[in-house]
Amino acid sequence: MNGRALRAGLIGLGAMGRHHAAALQDTHGVELAAVADPHGDRTLLPGVPLLPGVEELLAAGIDYAVVACPSALHEDVALRLAAAGVPALIEKPLATTAAGAARLADAFAAAGLPAAAGHVERFNPALAALREILATGDLGAALQITTRREGPPSPRAAACGVLLDLAVHDLDAVAWLTGQDFDQLNTLTHPAYGGPTQAQGAGEDHAVLAGRLTGGTLTSHTVNRLSPQRRRITSVLAEHGLLSADTLRGRLTLQTGTRPRTVALPDIDPLRHEHTAFLTLLRTGRAGNLATLADGVRAVHLATGHPPRTTLPRTPPPAT
């Protein structure tokens, strides 16, 4: 795959797929050869063939694929790619069940194909800088990690609950930041509160998770699709200071005394950076900060209730 532009195929042209299309067209050394989406808008990508399905995409001749279709289709689509010998960058979550994610990962491993899970937060400059500072050891051990991932209802996310749609980001990021795995995770959820997610059977739309990592770090995570304010915050309380990353705005603050200071960050688009890293994987075999399929399986495993989660009954509103 060295020495020429690689032909990439994109599967799915929804909200996330359109972001991937832009990133692929902006990645040096890549040609967006075709898109597969039976319901895609032909006016979005002039000059790029829009095909009805995966088989037609494979027939067009591609070097690798990006899977950005609805989560429920990830397993089937990825298994077809693995059977055809096509490497893939697969959006999170890898699948909607832990068993499905494992089958997908096993298929690529058995075929000896490069593949990665699309945990794009690893390429957010604020989170990447936070990880580098922790790795120096100057702040001592991480004692507690707190994340908040909140926002209003999203039609794009209506196909699955917040644990698979949102919490997988933080579960993967915490393990990546610390180099530790979870040895305990307790999850509380409610059934869907109402609105578009409930109408489409998406499951929970808000949840709170509390965990402990193998090195003793405590974690807590709040996720919801109910808040009118979008927030993406990861805070690490260490022995000698506090780090707080706002990944929505690309900001990182460090506090070791009475005043926090802002850490200078590179101006990097996380998704384009992820695509460049995947191209490097294809050309050199070096994964860099990419999430492996094993990482993706672990995130789905945790988000889908291993260990089990508790679903609280819906409390009726007080009588007026």
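Residues numbered from 1 in each chain as written. Predicted model: local features only at pLDDT ≥ 70, side-chain atom pairs only at ≥ 80, totals over all residues. Heavy atoms only, no water.

Caption draft 1: Spotlight on the overall build of the chain. Summing up its helical and strand segments, the chain has nine helices and 15 strands in all. Taken across its 320 residues, the chain has 50% of its residues classed as buried. Put simply, of all contacts in the chain between residues at least 6 apart along the chain, 69% involve residues at least 24 apart. Just so you have it, the chain exposes about 14,500 Å², and 54% of that area is on carbon and sulfur atoms. (Helix = DSSP H or I, 4+ residues; strand = E, 2+ residues; numbered from the N terminus. Buried < 20%, exposed > 50% of the residue type's maximum accessible area, 1.4 Å probe, protein only. Contact = heavy atoms within 4.5 Å. Areas by Shrake-Rupley, 256 points an atom, 1.4 Å probe, with all protein chains shown as cover.)

Caption draft 2: Fine view of helix H5 (residues 125–136). A rise of 1.5 Å per residue sets the reference length of H5, with its twelve residues, at 16 Å; its end C-alpha atoms lie 17 Å apart and thus fit the reference within 8%. Buried within H5 are the following residues: Pro125, Ala126, Leu127, Ala128, Ala129, Leu130, Ile133 and Leu134. Close packing links the buried residues of H5 with helix H6 (162–178), strand S11 (231–238), strand S12 (241–246), strand S13 (251–255) and helix H8 (270–284). Regarding H5, its N-cap is Asn124, as a side-chain oxygen of that residue lies 3.0 Å from the backbone nitrogen of Ala126 further along. A positive phi of about 80° marks Gly137, the residue just after H5. (Expected span 1.5 Å × (residues − 1). Polar contact = N/O pair within 3.5 Å; in protein donor to acceptor, adjacent residues only side chain to side chain.)

Caption draft 3: View of the packing of helix H4 (residues 98–111) against helix H9 (residues 293–303). Put simply, H4 and H9 touch, their axes get as near as 9 Å, and they point 175° apart. Between H4 and H9, the angle falls in the class roughly antiparallel. In contact with Ala98, Ala101, Ala102, Leu104, Ala105 and Phe108 of H4, H9 contributes Leu293, Val297, Val300 and His301. Residues that form the contact of H4 with H9 fall into these classes: nine nonpolar, one polar and no charged. (Axes fitted to C-alpha atoms, helices over the stretch in contact; angles between N-to-C directions. Parallel < 35°, antiparallel > 145°, perpendicular 65-115°, else oblique. Nonpolar A, V, L, I, M, F, W, Y, C, P; charged D, E, K, R; others polar.)

Caption draft 4: Just the pattern of salt bridges, in detail. Applying the stated rule across the entire model yields 19 salt bridges. Between Asp295 and Arg122 there is a salt bridge, with its nearest N and O atoms 3.2 Å apart. A residue pair is termed long-range when its members are at least 10 positions apart, and Asp295 in helix H9 and Arg122 in the loop between strand S6 (115–118) and H5 qualify at 173 residues. For the pair formed by Asp295 and Arg122, the shared burial category is buried. For Arg272, the salt bridge is made with Asp269, and the minimal N-O distance between the two is 3.5 Å. Asp269 sits in the partly exposed class, given a relative accessible area of 36%. Shared partners join several salt bridges into a network, and the residues in it are Arg122, Asp172, Asp181, Asp295 and Arg298. (Salt bridge = Lys/Arg side-chain N within 4 Å of Asp/Glu carboxyl O.)

Caption draft 5: Local environment of the pairing of S13. Burial along S13 is one-sided: the residues Leu252 and Leu254 are buried and none of Arg251, Thr253 and Gln255 is. Two strands pair when backbone bridges link them, and S12 and S13 are joined in this way by five bridges, in the antiparallel orientation. Bridge pairing links Leu243 to Leu254 in S13. Between S12 and the antiparallel strand that follows it, S13, lie four residues; Gly250 among them carries a positive phi value of about 65°. Bridge analysis of S13 against strand S14 (residues 261–262) gives two bridges, and the strand direction is antiparallel. Its bridge partner lying in S14, Thr253 is registered against Thr262. Here S13 folds back onto S14 in antiparallel fashion, the turn holding five residues. (Pairing = 2+ DSSP bridges.)

Caption draft 6: Expanded view of the environment of Leu248. Assignment of secondary structure puts Leu248 in the loop between S12 and S13. Along the primary structure Leu248 and Ile233 are separated by 15 residues, whereas in three dimensions their C-alpha atoms are 7.8 Å apart. In this view, Leu248 contacts Arg230 and Arg232; residues no more than four positions away in its chain are not counted.

Caption draft 7: Geometry of the sheet that holds S6. As summarised here, the arrangement of the six strands in space is S3-S2-S1-S4-S5-S6, forming an open sheet in which the pairing is parallel. Single-partner strands in this sheet number two, and they are strand S3 (50–51) and S6. Bridge analysis of strand S2 (residues 30–36) against S3 gives two bridges, and the strand direction is parallel. Bridging across to S3, Ala36 finds its partner in Leu51.

Caption draft 8: Spatial organisation of the pairing of strand S4 (residues 64–67). On S4, burial covers both faces: Tyr64 and Val66 on one face and Ala65 and Val67 on the other are all buried. In terms of strand pairing, strand S1 (residues 6–11) meets S4 through four bridges, oriented parallel. Opposite Leu10, over in S4, you have Val66 as the bridge partner. Relative to strand S5 (residues 88–91), S4 runs parallel, the two being bridged by three bridges. What sits directly across from Val67, in S5, is Ile90. Of the crossover connections in this fold, the one passing from S4 over helix H3 (residues 74–83) to the parallel S5 is right-handed. (Right-handed = clockwise from strand over helix to strand, strands pointing away.)

It is worth stressing that arrangement in space is one thing and function is another; only the former is reported here.
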